[in-house]
Amino acid sequence: MSGAAAREATLQKPWRSLRREREAVSFGTWVFVASEAMFFAGPLLAYAAYRSLWPEAFAAAGRETDIVYGTVNTALLLTSSLTMAAAAEGARARLRRLTLTCLAATAALGLAFLVVKGFEYREDIHKHLIPGAGFRLDMPPAQLFFAFYWLLTGVHALHLSIGIGITVTLLIQAWHGSRPLPSPAFEGAGLYWHFVDLVWIFLYPLLYLMGRS
Amino acid sequence: MSGITAERAVPDRPSRADSYLTVETGLASWLLTTDHKRIALLYMAAITVFFFVGGAGAVAMRIELFTPQADLLSADAYNRAFTFHGVIMVWFFLIPSIPVILGNFLLPLMIGARDLAFPRLNLISWYIFIAAGALAAYTLLAGGVDTGWTFYTPLSTAFANGHVLAAATAVFVAGFSTIASAVNFIVTTHLLRAPGLTWFRLPLFVWALYATSVVMVLATPVLAMVLLLIFAERAFGIPIFDPLRGGDPVLFQHLFWFYSHPAVYIMILPSFGVISELVTCYARRRVFGYSFMVYAILWISLVGFLVWGHHMFVSGQSVFASLAFSLLSFVVAVPSAIKVFNWTATLYRGQIVFDAPMIYALGFIGLFTIGGLTGLFLASVPVDVHVTDTYFVVAHFHYIMVGGAVSAFYGGLTFWWPKMTGRLYPEGWARFAAVMMFFGFGFTFFPMFIMGFLGMPRRYHVYPEEFQVWHVLASAGAVILAAAYLLPMGYFAWSLVWGRRASANPWDATGLEWQTSSPPPRENFLVSPAVDRGPYDYHPAHTGPPSMEREPHRPQGGQA
Ligand SMILES: [Cu+2]
């Protein structure tokens, strides 16, 4: 496909130029990311409030999370951000092989994160870290910490799954050629992926380093 | 006079093959459309249904409250009636109505664009809205919710026996639709303005939609999260607000009102935009203090995020917090007052025409002023403590949301009806309905101020006999109000078939949306328009009209 034809195929109504459309997709994703940031800001604020109310219980509960799983997952996600950035840049430069490889690597790293998370969840259940009757620690506010643990990691995992879904979709479309590489979708997906990554950068110290300093 | 010639070049009516209403036919062409104008009509259909459903809750309440005893509803059924009325009216009528119906239709037209930035996202947001509405309908059919629209914990998490999970999910899903529309509007305003349409030439309705969208994007996710927390606590026993395990129910109120106070501005800011368009057009005057109007909108949307604690004066928050929130609530009232003064000043030396949209607009200014001033009563801690949870509060927010937002919605709908459908509504009936709405509203809600101040608490279906006279007045007024809401539905439907054909610009208005045929073609403009001046050029800038002779207005731009 020639450059001009590819550009034609990418241009959607109501846009008159691809540059403008690209700008719109990345700007729109930024606005959506701002919305997502407020979504996570609520529970992070609640966490901060409870952490200052019950410092000992939060420290004790924080020592119960598994730092090995958490650290491995942090490394996996950071690497996936690198491959995602490379994929978006590759698409912009129309390097087909690089784009496909990096998208596949990104999705694989994301899946690896979820698998590790699954093992961790199994261990957590085993250790009775679910709030409610039979909870491992007898300080009631420690259950609050784990309320946030389950909620935040769960919501993050959901976001990551959506990210993996988008990445795989783009990979298949780019493979078949039904989505030309200059499409602004690659950059938008990249932005979203980095955001999900960034959320984890906040969760890691709050959930895994708490009480371990 | 280039503007005038450009206007004359626009055909009044598009050919059948051009008009967005007839360019494609069949059900699929509507349900799969990506045309912002058609999606606006899809929203209008859905939201009308919700208006009836939410209205039914109000009717049930007003009938029950006619006598001091319980006659129609049990205590539990009454709880479910007012909760459902609140949930539907807030999230399925007031928040979406002006932005996704009038905004969706007009934003691209007003800025000279072919469509919104992401047309498919626009359609998806309608389907999300319908899914949310289906969940809300399920909640109702399954037996309803009894928590009040505020979902306060621990009532909602531990004690309520209604379908809290379904209701919370419905509102949660509706939030996605709101966010999607807001992202779309923001990107559209930034990137799709016509050549020459600088930020300070934007019509005030566009500014209002823009500011509303920013508030939607930043506030709605907080609601989504707080509903998720309620859901997690009720469904899975995850203790976030459970005091037995160190949680704090007041934290819920903080998070909820962090959304729900800005939500008040989501409901009223678009109305400000509509009223600015109506007042300028029917007074034939440039809006007084355009830049102050813009700054007022932006100031409201910013400071609106900092006043949520005025809903919590009796929650046990610190006195210092109450005082700070009280001060900030007075601060946020200033820009609203600026807007009221500027609308009033716009009328000065205007050639006022009392057509129906103008009657709605003038009614809005009066009712909004009363609602806003009583808001200041409630922002003062001592008065608020006295009237907390009484009908005074109910009257106050209905003056803003019903007297304000709903009047503006009906006024805007009347004003832009010829553009949307290509037909003129019957002016006499419309004036009658507008006047009737004003008086019906006053009879319904003014008594609530009095009985609230006397101590009648909200959310009770039995009450001491001394309050009956006020309740009877309110219920009787509600009948008039209901008639004033139903009448326009009748004559709008009538006009679709028998109404006179509208010209491209029946009101001699200056906005770009009037510089294309009525109804607009699928592509909005046959030639991309260019803009060469600011909005509302009804008269030369510094003079009033010398006589009753109308000076020719200058449109903002046209399809040159
Ligand atoms: Cu408020």
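Residues numbered from 1 in each chain as written. Chains lettered and ligands numbered in written order. Predicted model: local features only at pLDDT ≥ 70, side-chain atom pairs only at ≥ 80, totals over all residues. Heavy atoms only, no water.

1. Focus on the overall build of chain A
And step 1. Broken down by element type, chain A carries seven helices and zero strands.
And step 2. Dimensions along the principal axes, computed over C-alpha positions, put chain A at roughly 65 × 30 × 30 Å.
And step 3. Residues classed as buried in chain A amount to 51% of the 213 residues present.
And step 4. Carbon and sulfur atoms make up 68% of the accessible area of chain A, which amounts to about 9600 Å² in all.
And step 5. Distance between charge centres in chain A, computed from 18 positive and 14 negative side chains, equals 10 Å. (Helix = DSSP H or I, 4+ residues; strand = E, 2+ residues; numbered from the N terminus. Buried < 20%, exposed > 50% of the residue type's maximum accessible area, 1.4 Å probe, protein only. Areas by Shrake-Rupley, 256 points an atom, 1.4 Å probe, with all protein chains shown as cover. Lys, Arg positive; Asp, Glu negative; His and termini not counted. Charge placed at Lys NZ, Arg CZ, Asp CG, Glu CD.)

2. Details of the packing of helix α5 (residues 119–142) of chain B against helix α7 (residues 164–191) of chain B
All names here are of chain B.
And step 1. Relative to each other, α5 and α7 sit at 165°, their axes nearing to 8 Å. It follows that α5 is roughly antiparallel to α7 by the angle criterion. Handedness of the α5/α7 crossing: left-handed. Listed contacts from α7 to Leu 121, Asn 122, Ser 125, Ile 128, Phe 129, Ala 132, Leu 135, Ala 136, Tyr 138 and Thr 139 of α5 are Ala 166, Ala 167, Thr 169, Ala 170, Val 173, Ala 174, Phe 176, Ser 177, Ala 180, Ser 181 and Asn 184.
And step 2. Per-class residue counts for the contact of α5 with α7 are 14 nonpolar, seven polar and no charged. (Axes fitted to C-alpha atoms, helices over the stretch in contact; angles between N-to-C directions. Parallel < 35°, antiparallel > 145°, perpendicular 65-115°, else oblique. Left-handed = near helix turned anticlockwise from the far one by under 90°. Contact = heavy atoms within 4.5 Å. Nonpolar A, V, L, I, M, F, W, Y, C, P; charged D, E, K, R; others polar.)

3. With respect to the confidence of the model for chain B
Atom-level detail of predicted coordinates should not be read off regions where pLDDT is low.
All names here are of chain B.
And step 1. The pLDDT averaged across chain B works out to 92; a share of 96% of its residues lies at or above 70.
And step 2. Across residues 1–8, confidence stays below pLDDT 50; counting only partners more than four residues off in sequence or on other chains, it has ten contacts.
And step 3. In the model output, the complex is listed with pTM 0.94 alongside ipTM 0.93. (pLDDT = per-residue confidence, 0-100.)

4. Focus: the interface of chain A and chain B
By a widely used convention, the size of an interface equals the accessible area lost when the partners come together.
And step 1. At the interface, 34 residues of chain A touch 40 residues of chain B.
And step 2. When chain A packs against chain B, the two sides together hide about 3100 Å² of surface, and 72% of this comes from carbon and sulfur.
And step 3. Counting every contact that joins chain A to chain B gives one salt bridge.
And step 4. Taken together, the connections running from chain A to chain B amount to nine residue pairs in polar contact (both at pLDDT 80 or more).
And step 5. Element by element, the count of residues in the side of chain A that touches chain B is highest for helix α2 (residues 18–53) of chain A, at 17 residues.
And step 6. Looking at the side of chain A that touches chain B residue by residue, the class counts come to 24 nonpolar, six polar and four charged. (Buried area = accessible area lost by both parts, 1.4 Å probe. Salt bridge = Lys/Arg side-chain N within 4 Å of Asp/Glu carboxyl O. Polar contact = N/O pair within 3.5 Å; in protein donor to acceptor, adjacent residues only side chain to side chain.)

5. Regarding the coordination of the copper ion
And step 1. Coordination of the copper ion by the protein comes from His 261 of chain B (ND1), His 310 of chain B (NE2) and His 311 of chain B (NE2), over a distance range of 1.8 to 2.0 Å.
And step 2. In the primary sequence, the donor residues of the copper ion line up as H-x48-H-H. (Donors = N, O, S within 2.8 Å, 3.2 Å for Na, K, Ca; no water.)

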